[in-house]
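# Examining the three-dimensional arrangement
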Amino acid sequence: MTSLNGKVALVTGASKGIGAAIAIELAAAGARVGVNYSASPQAAEAVVARIEDAGGSAFVICGDISEETDVERMFADLRNHTDHLDILVNNAGVYQMGDIEEVTWKEFTRQFSLNVFGLTLVIREALASFLTEGSTIINIGSSVSSFHPAGSTIYTASKGAVDAITRTLANELGPRGIRVNSVNPGLTETEGMRRSAFSDDSFRQEITKITPLRRIGMPGDIAPAVAFLASDAASWVTGETLVIGGGLR
């Protein structure tokens, strides 16, 4: 198993789904993990309890990533738990399918406020005093930015922006000794996916059919890749986008 002993991590949107799996994986590898949530305190506490029951260390940290003042407050609160971060995982995100005729400013703003601006705010605040030489940032993008499914204009655009941010910040922060990479999951079985148009039977069947490994993903398929990029084994890796989607890209 990847060793993250002695490291401190913050995972945004970690109360469920892929974020929860990442938090659990990092803790199992030895990191102390901040489990961020915005609206599900009980779910976040359950993730922390699972980590602690397995002998790991974790804490809950509240913050709505899409709100600038809330991000600032979250990092002020984070000082009660740690004075540095070795690992920052930007997982929090939203999505919604819809044809181009259904695009609205409200939905565009909702997705970009969290998926792009919120991610950028978190990095900005973390850089102010928590990230130092040797730290690593891992952004959770999406494979939609490489295979571009119909009906996902806003979501694909927002995740394409995440890819660009990853590459840009790898160049900007590399001289400071901070690595920046992205993990882009394919269609993955999560609570959010089951509530979205991505769960439509015909869409799932089509994705399964064109995916070389002939299945959709599970959160546990994504988390080990994040742990690898967070580890010293990836010390020569930055600016990369790793698609974890069963071969579909």
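Residues numbered from 1 in each chain as written. Predicted model: local features only at pLDDT ≥ 70, side-chain atom pairs only at ≥ 80, totals over all residues. Heavy atoms only, no water.

Topologically, Thr2 is positioned in the segment before strand 1 (8–11). Put simply, Thr2 and Ile51 are 49 residues apart on the chain and 16 Å apart in space, counted from C-alpha to C-alpha. In contact with Thr2, other than residues within four places in its own chain, are Ala29, Ala227, Phe228 and Ser231. (Helix = DSSP H or I, 4+ residues; strand = E, 2+ residues; numbered from the N terminus. Contact = heavy atoms within 4.5 Å.)

What follows is about helix 2 (residues 41–53). Its 13 residues give helix 2 an end-to-end C-alpha distance of 18 Å, which sits within 8% of 18 Å, the value for a rise of 1.5 Å per residue. If you check which residues of helix 2 are buried, you get Ala44, Val47, Val48 and Ile51. Burial along helix 2 is one-sided: seen end-on, the buried residues are contained in an arc of 95°. Exposed and oriented more than 90 degrees from the buried face of helix 2 are Gln42, Arg50 and Asp53. On its buried face, helix 2 sits against helix 1 (17–28), strand 2 (32–37) and strand 3 (57–62). The positive-phi residue at the C-terminal boundary of helix 2 is Gly55, with phi of around 95°. (Expected span 1.5 Å × (residues − 1). Buried < 20%, exposed > 50% of the residue type's maximum accessible area, 1.4 Å probe, protein only. Arc of directions from axis to C-beta.)

What follows deals with the side chain of Asn184. For Asn184, the position within the fold is in strand 6 (residues 179–185). A polar contact of 3.5 Å, which involves the side chain of Asn184, links it to the side chain of Ser145. Among residues more than four places away in sequence, those in contact with Asn184 are Gly141, Ser142, Ser143, Ser145, Asp163, Thr241, Leu242, Val243 and Ile244. (Polar contact = N/O pair within 3.5 Å; in protein donor to acceptor, adjacent residues only side chain to side chain.)

Here we take up the pattern of salt bridges. Counting across every chain of the model gives eight salt bridges. Each of Glu68, Glu72, Arg124 and Glu125 takes part in one network of salt bridges that share partners. (Salt bridge = Lys/Arg side-chain N within 4 Å of Asp/Glu carboxyl O.)

Contact pair helix 4 (residues 105–129) / helix 6 (residues 153–173): the axes reach a minimum separation of 9 Å and the direction vectors enclose 15°. When the axes of helix 4 and helix 6 are compared, the pair comes out roughly parallel. The two elements helix 4 and helix 6 cross, and the hand of that crossing is right-handed. Where helix 4 approaches helix 6, its residues Glu107, Phe108, Gln111, Phe112, Asn115, Val116, Leu119, Thr120, Ile123 and Leu127 are matched on the opposing element by Ile154, Tyr155, Ala157, Ser158, Lys159, Ala161, Val162, Ile165, Leu169 and Leu173. Taken together, the residues of the contact of helix 4 with helix 6 break down into 14 nonpolar, four polar and two charged. (Axes fitted to C-alpha atoms, helices over the stretch in contact; angles between N-to-C directions. Parallel < 35°, antiparallel > 145°, perpendicular 65-115°, else oblique. Left-handed = near helix turned anticlockwise from the far one by under 90°. Nonpolar A, V, L, I, M, F, W, Y, C, P; charged D, E, K, R; others polar.)

Ranked by internal contacts, the top residues of the largest apolar core, which has 34 residues, are Ile22, Leu26, Val33, Val35 and Val89. Every residue in contact with Val33, bar those within four places of it in the chain, is listed here: Ala9, Val11, Ala23, Leu26, Ala27, Ser57, Ala58 and Phe59. (Core = buried A, V, L, I, M, F, W, Y, C linked by side-chain atoms within 4.5 Å.)

The next point concerns the pairing of strand 2. Most of strand 2 sits out of view: five of its six residues are buried. With respect to chirality, the unit in which strand 1 leads through helix 1 into the neighbouring parallel strand 2 is right-handed. The sheet contact formed by strand 2 and strand 3 spans six bridges and is parallel. Of the residues in strand 3, the one forming a bridge with Gly34 is Phe59. Between the parallel pair strand 2 and strand 3, the chain is carried across by helix 2, and the sense of this crossover is right-handed. (Right-handed = clockwise from strand over helix to strand, strands pointing away. Pairing = 2+ DSSP bridges.)

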